[in-house]
Amino acid sequence: MILAIETATTACAIGLADGDRVVEALLAEDRRHVEVLTPGIGALLARAGADASALTRIVVDRGPGLYTGLRVGVATAIALADATGAELVAVTSLEVYAAAAAARGVCGALVAVVDGRRGEVFAQRFALDDEVVALDAPRVLRPRDLAIAWATDGTPVTFVGDGVVRYASDLGAVPNATGLALAWPPPASALARAAGRASGPVHPLYLREADAVANFTTRDRP
Amino acid sequence: MRVLGIETSCDETGAAVVATGWRLESSVVESSMDQHRDFGGVVPELAGRAHVATIGPTVRAALAGAGLDARHPGLDAVAVTTGPGLVGSLLVGLAAAKAYALAWGVPLVAVNHLEGHLYAPLLETPDLAWPVLTLLVSGGHTQLVLVEGPGRFRVLGETIDDAAGEAYDKVARWLGLGYPGGPPIDALAAGGDPHALALPVSMTGEGLDFSFSGLKSAVVRAGERHPVAAADVAAAFQGAVVEQLTRKLRQALGRVEVAGVALAGGVAANRALRAATAALAAEFGVAAHLPSPAYCTDNGAMIAAAGLVHLGAGDLADPACGADPNWALGA
Ligand SMILES: [Zn+2]
C-alpha cells in the first residue's frame with residue numbers, strides 16, 4: 001500500500017493506494033496537522049483492513065507551503081518510513097496542483113500558485129499537454145508581479161492552487177486567465193505524480209532562508 | 001518496560017532509550033545552537049528547520065545505540081515532550097513520536113519538559129533516595145521544586161521575572177561575550193574579584209520566589225559608575241546569582257525534610273552553582289545530585305524517564321493531542 005501525506009496548506013489530507021484503488025481523506029482544514037494526521041492515517045489503514053506494516057511507500061508533499069504544516073508532514077513521513085521500512089518519496093505542492101489540474105482536463109499554460117503568506121505566493125509554470133512539464137523552478141514572488149508577468153504575455157493561462165482564492169483580485173486581472181481554486185493539493189494526484197519516482201531523503205522546500213523569515217518576524221512586530 | 005524518549009522543545013533534538021530501573025540504554029542529542037549564536041537568542045524558524053533535519057537520524061542513532069531494530073524495537077511506549085517550549089519545535093518531535101507509536105503499535109506518552117528535568121538525576125543515580133529538593137535553572141525557567149518521588153512533586157517557588165539563564169544572557173551581551181551567556185561568564189568569573197563591584201541582593205524576604213531582572217541593570221549602573229574589568233563584573237554578577245539561588249535553597253531546606261538536593265537545567269552546568277550547592281548539601285547532611293552537563297541540558301533520556309513514570313501510572317496521551325507551548329509544571 002502507498003500512503004500520500006498532504007500538509008502544505010492549512011488543510012491536512014491523506015490518500016491510500018491499494019493496487020488501483022485510491023481513497024482520500026480530508027482530516028482537517030484549520031492547521032491542526034499534528035493533531036489529526038497520524039490518527040487519520042491509522043483510521044484509513046484500519047478501514048482498509050491493514051496496519052502500518054502494510055505500507056511499502058510513503059509519498060509526502062514537501063512544499064512549498066505552510067512551514068509548520070510541512071514540518072509535521074515531513075517529520076511524520078520520515079518516522080513512518082523508518083519504522084516500517086517503507087520507501088520515502090517526495091513531491092512538491094506545485095507539481096501536485098499541476099497534476100490535479102491536468103486530471104481535471106486543463107490543457108496548455110498553467111501556473112500553480114500556493115499561498116506563501118507575508119503577501120507573497122510560491123509559483124511555478126507548467127505546460128499541460130500530453131504530460132505535465134515544468135517550465136521553470138518554484139519561486140517566491142508577489143501575486144501582483146506574477147499577474148503582471150502574465151498580463152504582458154497575453155497567452156491564455158490557468159492559475160491553480162490555494163493562492164488563487166487568496167489572491168483572486170490580483171490574478172483575476174490577467175486577461176485570458178482562468179482560475180482553478182483547489183484549497184489543498186489532492187493526495188490522489190500526489191500518488192499519480194510520484195509513480196515510479198526514486199525514493200530518498202526528504203527535506204521541506206521552504207524557498208526562503210530561515211534568517212529572512214526571522215527578519216520578517218522582527219519587522220512584523222509592532 | 002522500555003521507552004523511547006523524544007525531546008524537541010527548544011534547540012536540542014534529543015532521543016534516548018531508558019528501561020525499567022532507570023537504565024539508560026542510549027542517548028543522542030543534536031543541537032542547533034551554532035546556528036543561533038549570531039542572533040543572540042534561539043530563532044524559532046531556524047530551530048524548527050533543524051529539528052526536521054535531525055529528528056530521523058537522532059532517533060535512528062538512539063535505537064541503534066540501544067541495540068534495537070528500528071522496525072521491531074520491542075518498546076513499550078514512545079514518550080515525547082509536548083510543552084512547554086517553542087511550538088514550531090514541539091510539533092516536529094510530537095509528529096514523529098505519534099508516527100513511531102502508530103507504526104510500532106505502542107502507546108504515546110505526553111511529557112512536560114520541566115517534569116523531565118526533575119528525573120535527570122535518576123539516570124546517574126538510579127537508587128537515589130526521595131524526597132529531593134530540585135533547583136531547576138535554565139534559560140527559560142527558574143523554579144524550586146520539592147520532588148517527593150517520581151510523579152509526585154510541588155513547585156515551592158519560581159522567578160517572578162527573568163529566568164537565571166536569561167540574566168546571564170543579558171549581562172553577557174552587555175559585556176560583549178556572545179550567546180549563550182552562561183559558559184563565557186562562568187569562565188571569566190574564575191579570574192575576577194567578586195567584591196570589586198557592589199551589587200544589591202534582591203529578594204531578601206522569606207518567600208521562595210526569585211527575581212533576576214534588577215540584577216542586570218544594577219550591573220550596568222555599577223559598571224558605569226566605576227570602570228571595572230569584565231572579569232570582575234562577571235565574578236560579581238555570578239556571585240550575586242549563585243548567592244540568591246543558594247539562599248532560597250537554604251531557606252527551603254530549613255522548611256522541608258529531604259534526602260537530597262538536585263540541580264537541573266542548563267544553568268546547572270555552572271561550576272560556581274555546583275560548588276555552592278554541594279557545600280550546602282554537606283552542611284545539611286543530605287545528598288547532592290549534580291547531573292553531568294549532558295543530563296543538565298535538554299535531552300531525550302529525561303523525557304524517556306518521565307515516560308516510564310507515566311506509563312507505569314497508566315497515564316497515556318490521546319493520539320489526537322496537540323502541543324502546549326505554555327504547559328506549566330504540575331498543571
Ligand atoms: Zn530544559
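In this text, all values refer to a predicted model and were calculated from it rather than measured experimentally.

**Comments concerning the packing of aromatic side chains**
- If you walk through the whole model with that rule in mind, you get 4 aromatic pairs over all chains.
- The interplanar angle of 20° and the centroid separation of 5.0 Å between the aromatic rings of Y100 of chain B and W104 of chain B together place this pair among those described as stacked. Here W104 of chain B and Y100 of chain B lie together in helix α3 (residues 87-104), a separation of 4 residues that amounts to about one turn.
- Given the relative accessible area of 2%, Y100 of chain B is considered buried.
- Accessibility expressed as a relative area gives 13% for W104 of chain B, which makes it buried.
- Pairing Y168 of chain B with F237 of chain B gives two aromatic rings, centres 5.0 Å apart and planes at 80°, and the pair type is edge-to-face. Residue Y168 of chain B is located in helix α6 (residues 164-174), and its partner F237 of chain B is located in helix α9 (residues 230-253); the two are separated by 69 residues in the primary sequence. An identical accessibility class is assigned to Y168 of chain B and F237 of chain B; each is buried.
- Above the face of the Y206 of chain A ring, R49 of chain B is positioned so that its terminal group lies 3.8 Å from the ring centre.

**Regarding the sheet that holds strand β2 (residues 12-19) of chain B**
All names here are of chain B.
- The 5 strands lie next to each other as β3-β2-β1-β4-β5, forming an open sheet whose pairing is mixed. Here the strands that pair on one side only, and so sit at the sheet edges, are β3 (23-31) and β5 (108-112). Going from strand to strand, the sheet's axes swing by 20° on average, the running direction of each strand aside.
- Inspection of the sheet shows strand β1 (residues 2-7) paired to strand β4 (residues 77-83) by 4 bridges, in the parallel sense. Looking across to β4, one finds that L4 is bridged to V78.
- The sheet contacts of α3 involve β1, β4 and β5, and relative to β4 the element is tilted by about 160°.

**Here's the deal with the coordination of the zinc ion**
Residues and elements named next belong to chain B.
- Protein-derived ligands of the zinc ion are H113 (NE2), H117 (NE2) and D298 (OD), with the metal-ligand distances lying across 2.1 to 2.2 Å.
- Each donor residue of the zinc ion lies on one chain, and together they are spaced H-x3-H-x180-D. With a gap of 181 residues between them, H117 in helix α4 (residues 113-118) and D298 in the loop between α11 (293-296) and α12 (300-312) connect regions that are remote in the sequence. For the pair H117 and D298, one class covers both residues: buried.

**What to know about the domain arrangement of chain A**
Residue and element names in this part refer to chain A.
- Parsing chain A into structural domains produces domain 1 (2-92 + 185-217) and domain 2 (94-180).
- The straight-line distance from the C-alpha centre of domain 1 to that of domain 2 is 23 Å.
- Contact residues are listed per partner, giving 22 residues for domain 1 and 18 residues for domain 2.
- At the boundary of domain 1 with domain 2, total buried surface from both sides reaches about 1800 Å², with 58% on carbon and sulfur atoms.
- It is T92, R193 and R208 in domain 1 that bury the most area against domain 2; as a group they hold 34% of the surface buried on that side.
- Put simply, domain 1 and domain 2 have 3 salt bridges between them.
- Ionic pairing is found between R197 and E95, a salt bridge with its closest N-O pair at 2.8 Å.
- One can count 9 residue pairs in polar contact (both at pLDDT 80 or more) joining domain 1 with domain 2.
- Tallying contributions element by element places helix α7 (residues 187-193) first for the side of domain 1 that touches domain 2, with 3 residues.
- Residue composition of the side of domain 1 that touches domain 2, by class: 13 nonpolar, 5 polar and 4 charged.

**Thoughts on the packing of α9 of chain B against helix α10 (residues 271-284) of chain B**
Residues and elements named next belong to chain B.
- For the pair α9 and α10, interaxial distance at closest approach is 10 Å and the crossing angle is 25°. By the angle between their axes, α9 is roughly parallel relative to α10. Note that α9 runs across α10; the crossing there is right-handed. For the pair α9 and α10, contact is made by Q238, V242, L245, T246, L249, R250 and L253 and by A272, L273, A276, T277, L280, E283 and F284, respectively.
- Across the contact of α9 with α10, the residue classes break down as 9 nonpolar, 3 polar and 2 charged.

**Looking at α12 of chain B**
Residues and elements named next belong to chain B.
- The terminal C-alpha atoms of α12, which comprises 13 residues, lie 18 Å apart, in line with the 18 Å expected from a rise of 1.5 Å per residue.
- Among the 13 residues of α12, 12 are classified as buried, and the element is accordingly described as predominantly covered.
- Taken together, the buried positions of α12 are G300, A301, M302, I303, A304, A305, A306, G307, L308, V309, H310 and L311.
- Capping the start of α12, N299 holds a side-chain oxygen 3.0 Å from the backbone nitrogen of A301, two or three residues further along.
- Two residues or fewer after α12 comes G314, characterised by a positive phi angle close to 70°.

**A word on the pattern of salt bridges**
- Scanning all chains against the criterion turns up 19 salt bridges over all chains.
- Residue R250 of chain B is joined to E283 of chain B by a salt bridge in which the shortest nitrogen-to-oxygen separation is 2.6 Å. With R250 of chain B in helix α9 and E283 of chain B in helix α10, this pair connects stretches of sequence that are 33 residues apart.
- One continuous salt-bridge network, built from bridges that share partners, spans R71 of chain A together with E45 and R49 of chain B.

Conventions we followed
- Residues numbered from 1 in each chain as written.
- Chains lettered and ligands numbered in written order.
- Predicted model: local features only at pLDDT ≥ 70, side-chain atom pairs only at ≥ 80, totals over all residues.
- Heavy atoms only, no water.
- Phe/Tyr/Trp six-rings, centres within 6.5 Å; stacked < 30°, edge-to-face > 60°.
- Helix = DSSP H or I, 4+ residues; strand = E, 2+ residues; numbered from the N terminus.
- Buried < 20%, exposed > 50% of the residue type's maximum accessible area, 1.4 Å probe, protein only.
- Lys NZ or Arg CZ within 6 Å of the ring centre and 35° of its normal.
- Pairing = 2+ DSSP bridges.
- Axes fitted to C-alpha atoms, helices over the stretch in contact; angles between N-to-C directions.
- Contact = heavy atoms within 4.5 Å.
- Donors = N, O, S within 2.8 Å, 3.2 Å for Na, K, Ca; no water.
- Domains from an automatic or database assignment.
- Buried area = accessible area lost by both parts, 1.4 Å probe.
- Salt bridge = Lys/Arg side-chain N within 4 Å of Asp/Glu carboxyl O.
- Polar contact = N/O pair within 3.5 Å; in protein donor to acceptor, adjacent residues only side chain to side chain.
- Nonpolar A, V, L, I, M, F, W, Y, C, P; charged D, E, K, R; others polar.
- Parallel < 35°, antiparallel > 145°, perpendicular 65-115°, else oblique.
- Left-handed = near helix turned anticlockwise from the far one by under 90°.
- Expected span 1.5 Å × (residues − 1).

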